[in-house]
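# Survey of secondary and tertiary structure
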Amino acid sequence: MADDSLRTALHDESPAPPRADIDDLKRRLHDHLRHSLGKGPVGSTNLDWYLALALATRDLMVETWMDSTRRAYSNDAKRVYYLSMEFLVGRSLDANLLATGSLDLARHTLADMDLDFEAIRECEPEAALGNGGLGRLAACLMESMTTLSIPAFGYGIYYDYGMFSQYIEDGQQVEMPERWLRYGNVWAFDRPDVIMPVRFHGHVEDTRDQHGHVGRRWAGGEEVLAEAHDLMVAGHECWTVNSIRLWSAQASREFDLRHFNQGDYINAVAEQSFSESLSHVLYPDDSTSMGKALRLKQEYFFVAASLRDIVRRFLSTHDDFTTFPRKVAIQLNDTHPALAVPELMRILVDEHRLGWDEAWAICNGTFAYTNHTLLPEALETWPVGLMENMLPRHLEIIYRINHQFLEGVRARAKEVDDDRVRRLSMIDEGGERRVRMSHLAFVGSHRVNGVAALHTDLMRAGIFAELHREFPDRIVNKTNGITPRRWLRSANRPLSALITRHIGDRWVAHLDDLRGLLPLAEDATFQEDFRAVKRLNKEALCRYIDARLGMELDPETLFDVQVKRIHEYKRQLLNVLHVITLYLRLKEGRAGDAPPRTVIIAGKAAPAYYMAKLIIRLIHDVARVINADPATNDRLRLVFIPDYNVSVAEHIIPAADLSEQISTAGTEASGTGNMKLALNGALTIGTRDGANVEIGEEVGEENIFFFGLPVEKAEHLRNNGSHDPWQYYTGDPELHAVLDMIGQGGFSHAEPDRYRPIVDSLTRHGDHYLLLADYADYIACQDRVGRAYLDTDAWTRMAILNVARMGKFSSDVTVADYAADIWGVPTPGWTADAASP
Ligand code: 26W
């Protein structure tokens, strides 16, 4: 290998820290082992050592954490509140060791103690409190807000069960609950003293105060208590530490007494656990809004507790609400927390007696809403009847907000157009009446943002077209980003070390500095080192896959990676069609000099999503046939890595050569895996969808592989019904053979019809996601990828240029833009000479 520091980075040969520091950490570890865990060093397990190390690391963060809070109080700073049903944090040990500057010290100290650092960090349970993109974005944005020293709070739910663990049995997904809090959680402080009552059901009554003012009051029903748990988030170099405050549900005392006094002990306890079940489990579905009452309850539960906390904090230093929007910014992560709009109105109008218009101006100045999906089935609407029963006062408030909004529309319009009013309304009157949460969030916010430029354009032209006409300045774009600390510095130490050796380490907080690599793209030695790094990462992934799946892979092959939730719109199936196409070519001696490939797929399907689960099964059946075929298996392999999560992503992404971002144009709001993979030196094969478009603009058209119908053509085909999948099926012999092989049991001999539903969905049921329309172009594009990979130097050059030009996609840039354009807060951690957002 060309460079020693590369070996160092992977094999723990960084220069040892001073002996005194090692001895000090040893002492602190033993101290925690004994005094926090009640164990002696003899017989302590890797888990014990993990806990001791995590506690010792936490100790280094606590002072800064308290300082950060004090600073915000003494400056009366404007605070940013990020309300999200999901925070997909993953593991925290590495991130916090890195932030506190103790990663190498920990590594050396444990080695000195004959302990296995890798095994110890694997003991940390995964904080999988999210489904996928939306939840991981929340975690990246929190980290960047902290790095930029914004006084920020995340607010969400402390689920007992986060995302399920995915097991594969007989090639099929099986979901298993994961009790991630089994051994407690070192990174969270439980706050049994911080409890907020949350009401459900009940009724609304008229009130009259001593001045004769009439009002409304929500009373009765049942109360659940929300208990706070504070997760620490460290920014880069630990200058600031913020918290994510997550709520768990506890049965209320009042509730206990009422029921216990009736003498029905067993039922009282049973009902108590019913209230507490509110925060038990994350809904593992990010594809459809299933309209379950428990989900609505979860949404109101965390919104109500969070707003009470926010208002309490504000009132502890202010006497009235006039400055509220100047001191508080609340970002709604999709519509899941949209009930915050009527809840704040209720607090201001019913509890604090503000006039309606004044309260409304405060709300509007405080809230902003981020949309993450255009798929109609994923847009939240709630039946009016359900809301009336669970949140009667909120429904009244929503009706009034809607009424005033529509009155305003009518007043501004020259003619009253009933159809337009129907489309703008917060109540969908077609069929069972339902509340449109996106309209509520939109009207209640001063800014509404999309998460990539194309997505924002499509919002303006599509689902929000009418609202956009009414509020032409409200919709803005905030392209997503990823934190370079986790997704490059920590996940890919060899590449980080190589980069730092050439341009220094400022890039870690100023990702645009990676442009300093541009001249090195042509440098033969640098190219060689860059390849060596990729090779090391591929070898590490091979070891990981061998250990987990008992499968030996060849790191020489092209690693072709698609990792994300399994969803028809993301088109994992199109990837599989390509794999089978290659397989048939190899079998028939038509593959030419195509380079050997290892196709790696990972992702979870929603438990009730039949097609997505069938696609997982197909992947396994195809893999079984292909991988066992001695005629081809040195040139083509297909691997499904089970239980994809943040930590698994950290293993896979640094090893990828090719990044599959192949959603039907117009369906993927942004994507963030696309950014992680490109930042780690994978080239993208993708459609002109979501942030792929902007990645293409940054890295240059010649350094990305675009294919497929652009959004206008795709939409046209889908909307005017002119897509004729049968014609593609009959007209393309290669496609025909692939579909026949699937449909006739070529991968499921025991059950030839197993995949009929998949083939029929393409050929007979309209091919909603246009796989057949994009197939030929996808295959041709993959052929170009294959040829490009054969030219090693050219490929490496392209990969380096990708890395060098990814600065725009740092979540620091994203956050700086939110801060300036939406929240109106300064970003002290964002130096003026950094890349401007
Ligand atoms: C109500 C069921 C439900 C739950 C979650 C529907 C939809 C969702 C999310 C909005 C889905 C999601 O995670 N969207 C993803 O958000 C990422 C961050 O902005 C984007 O990068 C992805 O393109 C988008 O699919």
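Residues numbered from 1 in each chain as written. Predicted model: local features only at pLDDT ≥ 70, side-chain atom pairs only at ≥ 80, totals over all residues. Heavy atoms only, no water.

Here the focus is the overall build of the chain. A count of helices and strands for the chain gives 34 helices and 24 strands. In terms of C-alpha radius of gyration, the chain reaches 27 Å, essentially the compact-globule figure of 28 Å for 837 residues. Each principal axis of the C-alpha atoms in the chain carries an extent, and together these give about 90 × 75 × 60 Å. When each of the 837 residues of the chain is scored for burial, the buried share is 62%. When contacts within the chain are restricted to residue pairs at least 6 apart in sequence, those whose partners lie at least 24 apart make up 76%. For the chain, the exposed surface amounts to about 31700 Å²; the carbon and sulfur share of it is 50%. In the chain, which carries 91 positive and 121 negative side-chain charges, the distance between the mean positions of the two groups comes to 2 Å. (Helix = DSSP H or I, 4+ residues; strand = E, 2+ residues; numbered from the N terminus. Rg over C-alpha atoms; globule rule 2.2 N^0.38 Å. Buried < 20%, exposed > 50% of the residue type's maximum accessible area, 1.4 Å probe, protein only. Contact = heavy atoms within 4.5 Å. Areas by Shrake-Rupley, 256 points an atom, 1.4 Å probe, with all protein chains shown as cover. Lys, Arg positive; Asp, Glu negative; His and termini not counted. Charge placed at Lys NZ, Arg CZ, Asp CG, Glu CD.)

Take the site of the ligand next. The local shell around the ligand holds 21 residues, among which His 372, Asn 480, Glu 668, Ser 670 and Gly 671 are the closest. In this structure, Leu 134 approaches the ligand through a main-chain N or O atom, which is 3.0 Å from an oxygen atom. Measuring from an oxygen atom of the ligand, one finds a backbone N or O atom of Gly 671 at 2.8 Å. Starting from 580 Å² of accessible surface for the ligand in isolation, the protein chains cover 96%. Among the elements that line the shell around the ligand, the one with the most residues is helix 7 (residues 133-147), at three residues. (Near = heavy atom within 4 Å. Polar contact = N/O pair within 3.5 Å; in protein donor to acceptor, adjacent residues only side chain to side chain.)

Here we take up the nonpolar core. The biggest cluster of nonpolar side chains holds 275 residues, and the ones touching the most others in it are Met 145, Ile 150, Trp 247, Phe 301, Met 387 and Trp 823. At twelve residues, helix 3 (residues 46-74) tops the list of elements feeding residues into this core. Ala 714, Leu 717, Leu 770 and Ala 773 belong to the second largest nonpolar core, which has five residues in total. (Core = buried A, V, L, I, M, F, W, Y, C linked by side-chain atoms within 4.5 Å.)

To continue, consider the sheet that holds strand 14 (residues 381-383). The sheet built from three strands is open, its strands ordered 14-16-15 with antiparallel pairing. Each of the sheet's edge strands pairs with one partner strand only, and the pair in question is strand 14 and strand 15 (427-428). Relative to strand 16 (residues 434-436), strand 14 runs antiparallel, the two being bridged by three bridges. If you follow Thr 381 over to strand 16, its bridge partner there is Arg 436. (Pairing = 2+ DSSP bridges.)

Read from one edge to the other, the open sheet built from six strands follows the order 21-20-19-22-23-24, with strand pairing classed as parallel. Among the strands making up the open sheet, the edge pair consists of strand 21 (636-640) and strand 24 (705-706). Here four bridges tie strand 22 (residues 658-661) to strand 23 (residues 683-686), and the two strands are oriented parallel to one another. Bridging across to strand 23, Leu 658 finds its partner in Leu 683. In the packing of helix 23 (residues 572-587) onto the sheet, contacts are made with strand 19 (558-563), strand 20 (597-602), strand 21 and strand 22, and the angle to strand 20 comes to roughly 155 degrees. Packed on one face of the sheet, helix 33 (residues 792-804) meets strand 22, strand 23 and strand 24 and runs near 90 degrees to strand 23. (Axes fitted to C-alpha atoms, helices over the stretch in contact; angles between N-to-C directions.)

A few words now on the UniProt feature "modified residue: N6-(pyridoxal phosphate)lysine" (unreviewed entry) in the chain. Mapped onto this numbering, the UniProt entry gives "modified residue: N6-(pyridoxal phosphate)lysine" (unreviewed entry) at Lys 676. Here Lys 676 lies in helix 26 (residues 673-679). Of the residues examined, Lys 676 reaches a relative accessible area of 7% and is grouped as buried. Apart from residues lying up to four places away in sequence, Lys 676 is in contact with Arg 136, Ile 482, Trp 487 and Ile 653. (UniProt positions renumbered as here; feature names shortened; annotations may be inferred.)

On to the pattern of salt bridges, then. Here the structure, examined in full by the defined rule, presents 72 salt bridges. Residue Arg 27 pairs with Asp 24 through a salt bridge whose shortest N-O separation is 3.0 Å. Separated by three residues within a single helix, Arg 27 and Asp 24 lie in helix 2 (residues 19-35), roughly one turn from each other. Residue Asp 24 is classed as partly exposed on the basis of its relative accessible area, which comes to 27%. In this structure, the salt-bridge partner of Asp 760 is Arg 764, at a minimum N-O distance of 3.4 Å. With relative accessibility at 55%, the residue Arg 764 sits in the exposed group. Salt bridges here are not isolated pairs; linked through shared partners, they connect Arg 412, Asp 419, Arg 420, Arg 422, Arg 423, Glu 466 and Glu 470. (Salt bridge = Lys/Arg side-chain N within 4 Å of Asp/Glu carboxyl O.)

Judged by how many residues are buried, strand 1 (residues 79-83) sits mostly within the fold: five of five residues are covered. Every second residue of strand 1 is oriented toward a common face, with Arg 79, Tyr 81 and Leu 83 on one face and Val 80 and Tyr 82 on the other, all of them buried. Of the pairings in the sheet, the one linking strand 1 to strand 12 (residues 328-333) comprises five bridges and is parallel in character. Bridge pairing in strand 12 links Leu 83 to Leu 332. Direction of pairing for strand 1 relative to strand 4 (residues 152-157): parallel, over a ladder of four bridges. By the bridge assignment for strand 4, Tyr 81 is matched with Phe 153.

This brings us to the packing of helix 12 (residues 340-351) against helix 13 (residues 356-366). One can describe the packing of helix 12 onto helix 13 by two numbers: an axis separation of 9 Å at closest approach and a directional angle of 140 degrees. Taken as axis vectors, helix 12 and helix 13 run oblique relative to one another. Crossing of helix 12 over helix 13 shows right-handed handedness. In this structure, helix 12 uses Val 341, Leu 344, Met 345, Leu 348 and Val 349 to contact helix 13, whose residues at the interface are Trp 356, Ala 359, Trp 360, Ile 362 and Cys 363. (Parallel < 35°, antiparallel > 145°, perpendicular 65-115°, else oblique. Left-handed = near helix turned anticlockwise from the far one by under 90°.)

Moving on, we get to the side chain of Thr 373. With respect to the helices and strands, Thr 373 occurs in the loop between strand 13 (367-370) and strand 14. Within the structure, the side chain of Thr 373 is placed 3.2 Å from the backbone nitrogen of Leu 375, a separation counted as a polar contact. Excluding its chain neighbours within four sequence positions, the residues that come into contact with Thr 373 are Asp 334, Ala 378, Leu 379, His 455, Ile 463 and Ala 669.

Think of an α-helix as turning once every 3.6 residues; residues three or four places apart then point the same way. Burial within helix 5 (residues 103-112) is extensive, with seven of its ten residues counted as buried. Residues of helix 5 that are buried include every one of Leu 103, Leu 105, Ala 106, Arg 107, His 108, Thr 109 and Leu 110, and no others. The inward-facing, buried residues of helix 5 contact helix 2, helix 3, helix 4 (93-99), helix 6 (117-121) and helix 21 (493-503). At the exit of helix 5 stands Asp 114, carrying a positive phi of roughly 65 degrees.

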